[in-house]
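# A closer look at the structure
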Amino acid sequence: ELLLRDFSHLSKEVRSVLVLSSCLGSCFSERCLFLVWDKMGVNSYLHQGDRTKIRQILAKAEEKQFIERVTDGTYKLRAGRHYRWTHDRIMDLAISNVPDDALCALRFEVGSTLF
């Protein structure tokens, strides 16, 4: 319930980044997030290529303990910043207000963009 309240107070741009991040899975790279954001032209307050703002949003999500940086050997990581959701329920919460058909289409588009 506390997390739900925290999520409801987030700005639209923060929620947009978190929804897109959730489509990348339980562990995601900053690089993939940038790639998908740029190629998909996500409708939000952020402009394509605005990596500084996305990094600030990720830092805010990390501060609120929605996500955490992956620095250990849990995942075979390439260079760059990687994150994981601190709990699967938080990842689910990020997409809870997205209608099922829109979420399915978004996931398809993310997958198509990456492959």
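The following refers to the structure shown. (Residues numbered from 1 in each chain as written. Predicted model: local features only at pLDDT ≥ 70, side-chain atom pairs only at ≥ 80, totals over all residues. Heavy atoms only, no water.)

### Re the overall build of the protein
- Scanning the protein from terminus to terminus reveals six helices and three strands.
- Listing the helices and strands of the protein from first to last along the sequence gives α-α-β-α-α-β-β-α-α.
- Residue pairs in contact within the protein that sit at least 24 positions apart in sequence constitute 56% of those at least 6 positions apart.
- Total accessible area computed for the protein in this model is approximately 7300 Å², and 48% of it derives from carbon and sulfur atoms. (Helix = DSSP H or I, 4+ residues; strand = E, 2+ residues; numbered from the N terminus. Contact = heavy atoms within 4.5 Å. Areas by Shrake-Rupley, 256 points an atom, 1.4 Å probe, with all protein chains shown as cover.)

### Examining the sheet that holds strand β2 (residues 67-69)
- Pairing is antiparallel across the open sheet formed by three strands, whose spatial order is β1-β3-β2. Two strands in the sheet have a free side with no partner beyond their single neighbour: β1 (27-29) and β2. Strand after strand, the sheet turns through a mean of 30° between neighbouring axes, direction not considered.
- Pairing geometry for β1 and strand β3 (residues 82-85), over three bridges, is antiparallel. Bridge assignment links cysteine 27 to a residue of β3, and that residue is arginine 84.
- Running at roughly 110° to β2, helix α4 (residues 51-63) makes contact with β1, β2 and β3 of the sheet. (Pairing = 2+ DSSP bridges. Axes fitted to C-alpha atoms, helices over the stretch in contact; angles between N-to-C directions.)

### Structural notes on the packing of aromatic side chains
- In the structure shown here, the tally under the stated rule is two aromatic pairs.
- On the numbers, 5.8 Å between centres and 25° between planes, the contact of phenylalanine 28 with tyrosine 83 is stacked. One end of the pair, phenylalanine 28, is in strand β1; the other, tyrosine 83, is in strand β3, with 55 residues separating them in the sequence.
- Judged by its relative accessible area of 2%, tyrosine 83 is buried.
- Aromatic side chains phenylalanine 28 and tryptophan 85 sit 6.3 Å apart centroid to centroid with 50° between the ring planes, which places their arrangement in the tilted category. (Phe/Tyr/Trp six-rings, centres within 6.5 Å; stacked < 30°, edge-to-face > 60°. Buried < 20%, exposed > 50% of the residue type's maximum accessible area, 1.4 Å probe, protein only.)

### Side note on the packing of helix α3 (residues 30-40) against α4
- For the pair α3 and α4, interaxial distance at closest approach is 11 Å and the crossing angle is 130°. Classified by the interaxial angle, the pair formed by α3 and α4 is oblique. α3 and α4 meet at a crossing whose hand is right-handed. Judged by residue contacts, Glu30, Leu33, Phe34, Trp37 and Asp38 of α3 engage Arg51, Ile54, Arg55 and Leu58 from α4.
- For the contact of α3 with α4, the class distribution of residues is five nonpolar, no polar and four charged. (Parallel < 35°, antiparallel > 145°, perpendicular 65-115°, else oblique. Left-handed = near helix turned anticlockwise from the far one by under 90°. Nonpolar A, V, L, I, M, F, W, Y, C, P; charged D, E, K, R; others polar.)

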